[in-house]
Amino acid sequence: MLKAEKEFNVVFSEYLSDRKEAPEEFPFEIKKVEENVNKQLLHDFTGERTGFIQVGKKKWFFPSGYRDQAADFYNFEVRESDVWIVTFPRSGTTWTQEMVWLLANNLDYEKAAEIPLVVRFPFLEFSCFVHPEVKAEFLRENSDSALRSQMIEDISAPICDYLTKFEGRRFIKTHLPLSLLPKNLLTAGCKVIYIARNPKDVAVSFYHLNRLIRTQGYKGDFTTYWKYFQENLQPWTPYWDHVLEAWNLKHESNLLFMFYEDMVKNTKRAIMRVQDFLGTNYEDEEICALEKHLQIENFRKNSSVNFDLLKNLGILIQGEQEFIRRGKNGEWKNEFHGELNEMADKWIEENLKGTDLRFPD
């Protein structure tokens, strides 16, 4: 056996080790966040009304709604034909979803324009973030329209049952870390694409999303937000464990690990890597057309991917930045200054020690 294969087998065994022997339906302990911390979080994030929880030894952070569906996600039945995109939030997820869906669906731009991306590529755990009280507010505000009311019911409903009954090829988006997803995700034969992005740009983009979407409802400034992010008090954190779980399994044949920075820098090359992974074969002219479609200037105007559905339902807050922002690298420079930047750099340096993970410039 080659040295690289031995190293991979060790990593993969470690990845599964704390799950193989667990007889529980969901083998990770779920605890409430410490009371005083939870009180402050509920004050700053008005989209959650009950409280926040932490999962397992790594203390994965979620709103209260995750508890009821944790086992459903963990035990979800994976299909060989599935395509999954797994990312920490704001790592180029939506952009990659559109790329992947089009490559896997004969570059059907007409259908992509007609059907919102949230329908074509469902978000596995979104319903966990729609607190019952907030959902009731959405329904009251849309009570004059049976259609909008039904849309709210649909997007806030747990999606595992829908996906289980779905007969076609499934495209699934999730921000859950690999360790909280089905244990056979990387061995069932499906395609899993993981996109990583440097934490400063992630945090800035996530900050604006938290201010934009009412299911989060963040009311504070960026400095306060960054402290929550760095202390692993934001959904889907700890950030480093999330990325490193995937990074340490990047040689697994059904996992494609990519950096958002590289994808933006050379989008055509990124498209070709994804198409090789998916097993599609398009002409150069078609690849160039997809590259143009994905250019941020065009992407921001695309109502199918820009969450116009949520905007029309009143789920997005008016006056905040759009769901699709600038799509550029280095936006963190607008928020990180002086001591805050020094704090962030030290945190990054400490967490990269002992790893071979490095983000592209």
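Structure: above.
Everything numeric in this text was worked out from a predicted model, so none of it was measured. (Residues numbered from 1 in each chain as written. Predicted model: local features only at pLDDT ≥ 70, side-chain atom pairs only at ≥ 80, totals over all residues. Heavy atoms only, no water.)

What about the environment of Y162?
Phase 1 of the analysis: Tracing the backbone shows Y162 in helix α9 (residues 160-165).
Phase 2 of the analysis: Relative accessible area serves as the criterion here: at 40%, Y162 is assigned to the partly exposed category.
Phase 3 of the analysis: As a C-alpha pair, Y162 and P122 span 40 residues in sequence and 9.8 Å in three-dimensional space. (Helix = DSSP H or I, 4+ residues; strand = E, 2+ residues; numbered from the N terminus. Buried < 20%, exposed > 50% of the residue type's maximum accessible area, 1.4 Å probe, protein only.)

Some points on the nonpolar core
Phase 1 of the analysis: Of all hydrophobic cores here, the largest spans 83 residues; its most connected members are F26, F62, Y66, W84, L124 and F229.
Phase 2 of the analysis: Broken down by element, this core gets its largest block of residues, 7 residues, from helix α10 (residues 199-212).
Phase 3 of the analysis: Setting aside chain neighbours within four positions, we find F229 in contact with F88, P199, V202, A203, F206, Q234, T237, Y239 and W347.
Phase 4 of the analysis: Grouped together as the second largest cluster of nonpolar side chains are 31 residues, V83, W101, A112 and L294 included. (Core = buried A, V, L, I, M, F, W, Y, C linked by side-chain atoms within 4.5 Å. Contact = heavy atoms within 4.5 Å.)

Focus: the sheet that holds strand β1 (residues 30-32)
Phase 1 of the analysis: Across the sheet, which stays open at both edges, the 3 strands sit in the order β1-β2-β3 with antiparallel pairing between neighbours. The open sheet terminates on both sides in strands that have one partner only, identified here as β1 and β3 (60-63). Mean inter-strand twist for the sheet, computed between neighbouring axes without regard to direction, equals 35°. (Pairing = 2+ DSSP bridges. Axes fitted to C-alpha atoms, helices over the stretch in contact; angles between N-to-C directions.)

A short note on the packing of aromatic side chains
What characterises a pair of aromatic rings is the spacing of the ring centres plus the angle enclosed by the ring planes.
Phase 1 of the analysis: Tallying each qualifying case throughout the model produces 41 aromatic pairs.
Phase 2 of the analysis: Their ring planes at 80° and their centres at 5.0 Å tell us that Y239 and W240 sit as a pair that is edge-to-face. For the pair Y239 and W240, one class covers both residues: buried.
Phase 3 of the analysis: Looking at R120, its charged tip hangs above the ring of W101, at a distance of 4.7 Å from the centre. (Phe/Tyr/Trp six-rings, centres within 6.5 Å; stacked < 30°, edge-to-face > 60°. Lys NZ or Arg CZ within 6 Å of the ring centre and 35° of its normal.)

Considering α10
Phase 1 of the analysis: Here α10 is 14 residues long and its end C-alpha atoms lie 20 Å apart, about the 20 Å a rise of 1.5 Å per residue gives.
Phase 2 of the analysis: The N-terminus of α10 is capped by N198, whose side-chain oxygen sits 3.2 Å from the backbone nitrogen of K200. (Expected span 1.5 Å × (residues − 1). Polar contact = N/O pair within 3.5 Å; in protein donor to acceptor, adjacent residues only side chain to side chain.)

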